[in-house]
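Commentary on secondary and tertiary structure
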Amino acid sequence: MDTQMNKPLGKVERRNSKFDLQAEKTQVLYRPEFKYDEDKKGTEKMWELMSSYMGTDKQSIQRQIVNHVEYTLARTRFDFDNFAAYQAAAFAVRDRLIESWNDTQQYHHHNDAKRVYYFSLEFLMGRTFQNALVNSDLDGPFKDALMDMGYDLEELYEQETDAALGNGGLGRLAACFIDSLATLEIPAWGYGIRYDFGIFKQEIQEGYQVEIPDYWLVRGNPWEIERQDITYQIRYYGQSKKYMDQGVERASWEGCQKVIAMAYDTPIPGFNTYNTNNLRLWRSRPRSTFDFDKFNNSDYHGAIQERQDAEYITSVLYPNDSTDAGKELRLKQQYFFCSASIYDIIRRYKDSHKDNFKMFAEKNKVQLNDTHPAIATIELLRILLDEEKLSFEAAWNVVYNTFSYTNHTVLPEALEKWSVDLIGKLLPRHLELIYFINHIYLVKLRQRYPGDDAKIQRMSLVEEGFPKKIRMAYLSIVCSHTVNGVAALHTQLLRDTIFSEFDQYYTNKLQNKTNGVTPRRWIHCCNPELSDLISDRLGGIDEWVTSLDNLKQLEPFARDKEFQREFMKIKRDNKMRLRKWIKEKTGYSVPLDALYDIQVKRIHEYKRQLMNILYVIHRYLSILDTPANQ
């Protein structure tokens, strides 16, 4: 134990790294072999040229960074600031991720792997640069290569703008999930929206909250890959015209407005694995960007009206829904990314299967992160029934066995509902299918609970009243084969309160899945000194960073004086850095020995931050009112 204690911090080596061969300049790490089409001209030569991975020795990294400075950014050796260095280094990292990403996708396609798809309106990813380096075991090599070129990697981390694709816990959970899925080598993709603006930036001016746009793309995003070849046509409005097809009632969707969904991909590397999954985000584009006839007739606004209407859909995360127009835009957003994602999954499945969807639910699982993507269940049903010509029973069986639903709230008033009139206006065929599902569902409820009309009304997908509304949480439950809460207490509350009748009706459908956070980002990256201390005592970062249960092995050190001293020094050093940051940002000097109570989130009237600051004010006023001798 004494030997362990004397190891210097900051030099804890990763054991059994899968990336060691790339770091050796004399070694060539060849990429995996797959079948290729011998009839395609030039294929063999292309394979030869792309047969090995990039090296990660210092000279290789430096050459790739410099190449991106000159050939990607068109900068010179005389115009190479920290931001340019960040961009060039980011592109160099992305190049390596793309190699692994391509091989990962080809491997899963070659093996006809079962895939998981995570649908979420939010992905609060945080900064990508450091996380990608750590997961790929490249932080050390890049730090050395950049230091040799005169750049500090820590300073370059600060050049990256956070991707404003989420707001809070729901989005951060999504980000942690796709990171963990990649680490566990599970074939998985995230699907969401590429917002132009985040929810908003919050500033406090003279004691008041001020909201300003969060245009996170203003300096570009080196991590994303624009996929102009992957687009889908998304429809709104119009009419549903029913017809009979060999005894099956189907419908054609006519007179609708159409926009284009274009894909943007971000590679998601797992920790200590070449497995690299994907986050695919959709951007809305018009079918026609410019009406030349209107422009020539001096209708300049009309000439670009279609473009503006389309681009609004993915402009802002959570547009204000206090107006009818705001509600319509939110539902448009939800359907937009769900429809594009379902079409994308079907395309991928049909590339490998000609079985009329008999294996679809076995090969594809879709997790709904809250009810925002709930309309995806009806979209898959519509496509299978109206476009792929399955029977209703076959289509429903596919839908039910494909989807699962994660609930995030126990408050009845927070459960999402959309008015029947709005859905009927925007998605007429979907409303018909929701009513048909509800009819079948209510028939079964009446058989199970004869004469209990009150229960049946409570459990219906349709909330009666003015206006009538569709209960999206109930729709998600009925259309999913499993439903989960995010913690044991949360799940039990769901069973006891808002979903109690569903828990009684559906045996074992409501399950618990305790969610967590990735320790790679939230310990190793956020607190590297603490990470080094833990790794030093446990014998390496591999011993705990993918299995937090192993932190129990630290218990013998709890009474160890030297461990306590090092632990408290790390904590104090972090407080010193925080105090310096607060001074730089606000001008206030906070006492180093004070107890810091920190919450990092925008202030909302329904969040705990507001309650906490009210309590701080209460305590402050209580101190002022307390006599000096007490």
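Residues numbered from 1 in each chain as written. Predicted model: local features only at pLDDT ≥ 70, side-chain atom pairs only at ≥ 80, totals over all residues. Heavy atoms only, no water.

Going by the annotation in an unreviewed UniProt entry, the name recorded for the protein is Alpha-1,4 glucan phosphorylase, with Strombidium rassoulzadegani given as the source organism. Word for word, the UniProt comment on the protein under Sequence similarities (unreviewed entry) is "Belongs to the glycogen phosphorylase family." Quoted straight from UniProt, the Cofactor (unreviewed entry) entry for the protein says "pyridoxal 5'-phosphate". (UniProt positions renumbered as here; feature names shortened; annotations may be inferred.)

**A closer look at the overall build of the protein**
On a plain count of helices and strands, the protein comes out with 26 helices and 16 strands. Out of the 630 residues belonging to the protein, those deemed buried represent 49%. At a minimum sequence separation of 6, the contacts of the protein that also span at least 24 residues come to 72%. Of the roughly 33000 Å² of accessible surface on the protein, a fraction of 52% belongs to carbon and sulfur atoms. (Helix = DSSP H or I, 4+ residues; strand = E, 2+ residues; numbered from the N terminus. Buried < 20%, exposed > 50% of the residue type's maximum accessible area, 1.4 Å probe, protein only. Contact = heavy atoms within 4.5 Å. Areas by Shrake-Rupley, 256 points an atom, 1.4 Å probe, with all protein chains shown as cover.)

**Overview of the pattern of salt bridges**
Applying the stated criterion to the full structure yields 36 salt bridges. Across the pair E387 and R382 runs a salt bridge whose closest N-O atoms are separated by 3.0 Å. The class for E387 is partly exposed, based on a relative accessible area of 32%. Across the pair E464 and K468 runs a salt bridge, and its minimum N-O distance is 3.6 Å. One connected set of salt bridges, linked through shared partners, spans R227, D265, R280, D344, R347, R348 and D351. (Salt bridge = Lys/Arg side-chain N within 4 Å of Asp/Glu carboxyl O.)

**A short note on the pairing of strand β9 (residues 276–285)**
Burial analysis of β9 places nine of its ten residues in the buried class, which makes it a mostly covered element. As paired elements, strand β8 (residues 257–269) and β9 share ten bridges and run antiparallel to each other. Residue pairing for β9: Y264 is matched across the bridge by L281. Connecting the antiparallel pair β8 and β9 is a turn made up of six residues, with N272 showing a positive phi of about 55°. (Pairing = 2+ DSSP bridges.)

**Describing the nonpolar core**
Core analysis: the largest hydrophobic core is formed by 108 residues, its most contacted members being F119, Y236, W282, Y441 and F499. F119 has contacts with Y191, F337, C338, S341, I342, I345, V366, Q367, L368, N369, P373 and A376, leaving out every residue within four places of it along the chain. Formed by 28 residues, the second largest nonpolar core is a distinct cluster that contains F80, A85, F91 and L156. (Core = buried A, V, L, I, M, F, W, Y, C linked by side-chain atoms within 4.5 Å.)

**Points about the sheet that holds strand β13 (residues 462–463)**
Taken in spatial order, the three strands make up an open sheet running β12-β14-β13, and their pairing is antiparallel. The outermost strands of the open sheet, each flanked by one partner alone, are β12 (417–419) and β13. The pairing of β12 with strand β14 (residues 469–471) spans three bridges and is classified as antiparallel. For K417, the partnering residue across the bridge sits in β14 and is R471.

**Looking at the packing of helix α15 (residues 375–387) against helix α16 (residues 392–402)**
Geometry of a packed helix pair, given as the angle between the helix axes and the separation of the axes. It is the contact of α15 with α16, at a shortest axis distance of 9 Å, that shows an interaxial angle of 150°. Of the possible angle classes, the one that applies to α15 and α16 is roughly antiparallel. Remark: the crossing between α15 and α16 carries right-handed chirality. Counted together, T377, L380, L381, L384 and L385 of α15 and F392, A395, W396, V398, V399 and T402 of α16 form the full contact between these two elements. Across the contact of α15 with α16, the residue classes break down as nine nonpolar, two polar and no charged. (Axes fitted to C-alpha atoms, helices over the stretch in contact; angles between N-to-C directions. Parallel < 35°, antiparallel > 145°, perpendicular 65-115°, else oblique. Left-handed = near helix turned anticlockwise from the far one by under 90°. Nonpolar A, V, L, I, M, F, W, Y, C, P; charged D, E, K, R; others polar.)

**Examining the sheet that holds strand β5 (residues 225–236)**
On the basis of which strands lie adjacent, the open sheet formed by nine strands has the order β5-β8-β9-β2-β1-β10-β11-β15-β16 and mixed pairing. One side of each edge strand has no neighbouring strand; the edge strands of this open sheet are β5 and β16 (510–512). Averaged over all adjacent pairs, the angle separating strand axes in this sheet is 25°, with direction ignored. Relative to β9, helix α5 (residues 82–110) is tilted by about 100°, and along the sheet it contacts β1 (115–119), β2 (188–193), β5, β8 and β9. Across the sheet, helix α13 (residues 324–352) lies against β1, β2, β5, β8, β9, β10 (364–369) and β11 (403–406), angled at about 115° from β5, the strand it touches most.

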